[in-house]
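Okay, here's what each chain looks like letter by letter:
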Amino acid sequence: MTGANGQIGRVLTHALREQHGQQNVIASDIVQVADDNEPYLFLDILNETRLYEIVEDYQITQVYHLAAILSASGEWNPLKTWNINLNGLLTILNLAKDGKINRVFFPSTIAVFGKTTPRVNTPQDVPLVPETIYGVSKVSGELLCHYYHQKYGVDVRSVRYPGIIGYQSVPHGGTTDYAVEIFHSVLTGEAYKCFLAPDTYLPMMYISDAIRATLELMSAPSESIKTRTSYNLSAMSFSPAEIYAEIKKIIPAAEIEYEPDFRQEIAASWTESIDDSAARTDWNWQPEYDLEKMVRDMIEKISDQMRG
Ligand code: AKB
């Protein structure tokens with residue numbers, strides 16, 4: 001796992017260890033991960049030699065390549081974002097091409113969509129002209145995955161994650177982060193200052209669904225994976241006003257203020273809802289959590305954490 005300290009990386013590492021055994025999943029990142037995350041290796045994704053060494057030394061068979069700079073952070077340093085998001089992927093695809101590993105997971109995102117993409121029920125195959133460098137790097141990543149599969153038979157699989165909501169950590173650097181931050185603010189009795197406008201609809205997904213989707217995609221038979229760019233993936237769509245209303249049903253004292261910043265424009269360039277019928281048909285994808293069920297679980301889990 002690269003990027004094992006990230007919002008998805010941490011939970012995915014844990015889920016894979018439950019499946020394959022603690023010692024059989026190596027967490028790697030440029031920052032040390034939470035205490036129980038052994039075995040852990042420091043890895044700068046741009047260090048190609050070290051990546052080849054690790055794969056050889058630990059006899060790695062599959063790579064989940066989660067290391068990336070996200071949509072909002074990416075805008076502060078476009079060249080670095082391009083470099084990290086693309087060159088790490090290229091090394092990993094080459095490892096697969098050279099027969100050193102046999103399967104790769106590449107996370108794409110709703111950030112691949114742009115103003116020329118249909119906004120509602122966005123189909124699988126649409127114009128991808130994103131407004132952020134993160135989106136540009138992920139579109140390019142999808143195309144590289146497709147190319148390496150067509151040309152070299154690399155078994156690379158990918159989903160376009162919506163905004164992911166999880167209780168295990170507070171994400172940084174993304175545009176959908178508000179949907180996690182809001183829980184932590186209201187549960188500590190603070191009014192939440194939302195950086196998106198109240199009516200900004202975005203596709204979202206609870207972390208348990210995102211992890212299950214990833215594991216299901218990665219264990220599906222090769223012949224059922226018909227899309228080698230990246231699969232649309234969907235569970236729910238809501239706006240800040242709607243998640244706030246749902247939270248307020250359980251925490252009546254919850255308060256929100258709206259102060260849209262530069263992330264509003266990023267969110268406005270993405271789509272509102274996703275048609276993921278290809279994933280449903282090809283590998284039987286089915287989400288479990290809607291807005292109400294997700295909000296209930298988030299409040300329960302974060303309250304438990306706060307009680308220690
Ligand atoms: C972000 O907001 O940048 C990410 C994403 C949608 O890929 N959560």
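Residues numbered from 1 in each chain as written. Predicted model: local features only at pLDDT ≥ 70, side-chain atom pairs only at ≥ 80, totals over all residues. Heavy atoms only, no water.

Chemist: What exactly am I supposed to notice about the side chain of Thr 175 here?
Modeler: Note on placement: Thr 175 falls in the loop between strand S6 (163-165) and helix H6 (178-187). Among the residues examined, Thr 175 registers a relative accessible area of 1% and is labelled buried. Side chain to side chain, Thr 175 and Ser 71 meet in a polar contact 2.7 Å long. The contacts of Thr 175, once residues within four sequence positions are left out, are Ser 71, Ala 72, Phe 195, Leu 196, Arg 263, Ile 266, Ala 267 and Trp 270. (Helix = DSSP H or I, 4+ residues; strand = E, 2+ residues; numbered from the N terminus. Buried < 20%, exposed > 50% of the residue type's maximum accessible area, 1.4 Å probe, protein only. Polar contact = N/O pair within 3.5 Å; in protein donor to acceptor, adjacent residues only side chain to side chain. Contact = heavy atoms within 4.5 Å.)

Chemist: When you look at the environment of Asn 121 in this model, what are you seeing that I'm missing?
Modeler: Within the secondary structure, Asn 121 sits in the loop between strand S4 (103-109) and helix H5 (133-152). Using a relative accessible area of 45% as the deciding quantity, one classes Asn 121 as partly exposed. With 154 residues separating them in the primary sequence, Asn 121 and Asp 275 have C-alpha atoms 4.8 Å apart. Ignoring any residue separated from it by four or fewer positions in sequence, one finds Asn 121 in contact with Ser 273, Ile 274 and Asp 275.

Chemist: Even after reading the chapter, I still don't get the sheet that holds strand S3 (residues 62-64), so can you show me in this structure?
Modeler: By way of backbone hydrogen bonds, the strands of a sheet pair with one another, either parallel or antiparallel. Read across the open sheet, the 4 strands follow the order S3-S4-S5-S9; overall the sheet is parallel. The strands lining the two open edges of the sheet, one partner per strand, are S3 and strand S9 (231-232). Here strand S5 (residues 156-161) runs beside S9; their pairing, made up of 2 bridges, is parallel. Counted as the bridge partner of Val 159 is Tyr 231 from S9. Packed on one face of the sheet, helix H7 (residues 207-219) meets S3, S4, S5 and S9 and runs near 155 degrees to S5. (Pairing = 2+ DSSP bridges. Axes fitted to C-alpha atoms, helices over the stretch in contact; angles between N-to-C directions.)

Chemist: Looking at this model, I keep getting lost on the sheet that holds strand S10 (residues 236-238). Mind explaining?
Modeler: Pairing in this open sheet of 3 strands is mixed, and the strands run S6-S8-S10 from one edge to the other. Two strands lie at the open edges of the sheet, namely S6 and S10, each paired on one side alone. Pairwise comparison of adjacent strand axes, ignoring direction, gives a mean angle of 45 degrees for this sheet. Taken together, the 3 bridges between S6 and strand S8 (residues 202-206) define a ladder with parallel strand orientation.

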